[in-house]
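# Summary of the model geometry
The primary structure of each chain is shown beneath.
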Amino acid sequence: PFSRDGDPVPVVATEASEGGAGAALSPNKRFLAYTSDTTGSREIWVRPYPGPGPAERISPNGGGEPVWSSDGKELVYLENNRFMSVATSTEGRFTFSAPKSLFDMPIARGVQPPSYDLAPDGRFLVSKAPRRPPTPINVIVNWANGPPASAFSAARTASDTASPGRWSAPPA
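A brief look at the structure comes next. (Residues numbered from 1 in each chain as written. Predicted model: local features only at pLDDT ≥ 70, side-chain atom pairs only at ≥ 80, totals over all residues. Heavy atoms only, no water.)

## Re the overall build of the protein
Broken down by element type, the protein carries one helix and eleven strands. In sequence order, the secondary structure elements of the protein are arranged as β-β-β-β-β-β-β-β-β-β-β-α. Relative to its 172 residues, the protein shows a buried fraction of 28%. Pairs at least 24 residues apart make up 29% of the contacts formed inside the protein by residues separated by at least 6 positions. (Helix = DSSP H or I, 4+ residues; strand = E, 2+ residues; numbered from the N terminus. Buried < 20%, exposed > 50% of the residue type's maximum accessible area, 1.4 Å probe, protein only. Contact = heavy atoms within 4.5 Å.)

Next comes the structure, spelled out in structure tokens:
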């Protein structure tokens, strides 16, 4: 929100780290779900937007990346790789149920949360984490002495380690 002078006004301003692992405004724009480590671990909190009013902790065991359903009757968040759901009411005073587990799935985390979304019909849009480890990086040393026979698959043999700059192709 902005002041009458057009200057931005902080919505949440405490000593804690807040919003770094996600923040989401309810569809009716009355409540803000956000992350905060005010308890010592990252949790999901909801507060009236733009205020005033106290914040309420939603996640008892940690959480990040809050996302509202399109009707505002559900708030979904991640507890590690577990998708959690909280039934909510954003009409009048904010109310919510205890979180329940939906499913576990390792997901590809984005730089800017959230890493998933909810469709209006309640289906999830999620990018699964890759099952295999990343491809290794080959480092080529002594490039100034000339490239190896095959720059992308060169391998040093035991005899090459005694003579820097000498390369051999990997065994076929």
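## Considering the pattern of salt bridges
A complete count under the given rule lists three salt bridges for this structure. The partner of Asp-104 in a salt bridge is Arg-82, with the nearest N and O atoms 2.9 Å apart. Taken together, the positions of Asp-104 in strand 9 (residues 100–104) and Arg-82 in strand 7 (residues 82–89) put the pair 22 residues apart, joining distant regions of the chain. In this structure Arg-82 comes out as partly exposed when scored by relative accessible area, which is 31%. (Salt bridge = Lys/Arg side-chain N within 4 Å of Asp/Glu carboxyl O.)

## Structural notes on a nonpolar patch on the surface
A cluster of nonpolar residues, Ile-137, Val-139 and Val-141, forms a patch on the protein surface that exposes about 330 Å² of accessible area. By the element assignment, Val-141 lies in the loop between strand 11 (124–126) and helix 1 (158–162). Take Val-141: its relative accessible area is 36%, and that puts it in the partly exposed class. (Patch = residues over 30% accessible without salt bridge, like charges linked within 9 Å, V, L, I, M, F, W, Y side chains within 5 Å. Areas by Shrake-Rupley, 256 points an atom, 1.4 Å probe, with all protein chains shown as cover.)

## Focus on the sheet that holds strand 3 (residues 43–48)
One open sheet accounts for four strands, arranged 1-2-3-4; its pairing is antiparallel. Only two strands of the sheet have a single neighbouring strand rather than two, namely strand 1 (18–25) and strand 4 (56–57). Sheet analysis places strand 3 next to strand 4, joined by two bridges and oriented antiparallel. Bridge assignment links Val-46 to a residue of strand 4, and that residue is Glu-56. (Pairing = 2+ DSSP bridges.)

## Some words on the side chain of Glu-43
Here Glu-43 is to be found in strand 3. A polar atom in the side chain of Glu-43 sits 2.7 Å from the side chain of Ser-59. Beyond its immediate stretch of four places on either side in the chain, Glu-43 contacts Tyr-34, Thr-35, Ser-36, Arg-57, Ser-59, Pro-60, Asn-61, Gly-62 and Gly-63. (Polar contact = N/O pair within 3.5 Å; in protein donor to acceptor, adjacent residues only side chain to side chain.)

## Points about the side chain of Thr-88
Along the chain, Thr-88 turns up in strand 7. The buried category is assigned to Thr-88, whose relative accessible area is 9%. Looking at Thr-88, its side chain comes within polar contact range of the main-chain oxygen of Gly-72, at 2.7 Å. In this structure the side chain of Thr-88 is engaged in a polar contact, spanning 3.4 Å, whose partner is the backbone nitrogen of Glu-74. When neighbours within four sequence positions are excluded, Thr-88 is seen to be in contact with Trp-68, Gly-72, Lys-73, Glu-74, Leu-75, Phe-94, Thr-95 and Phe-96.

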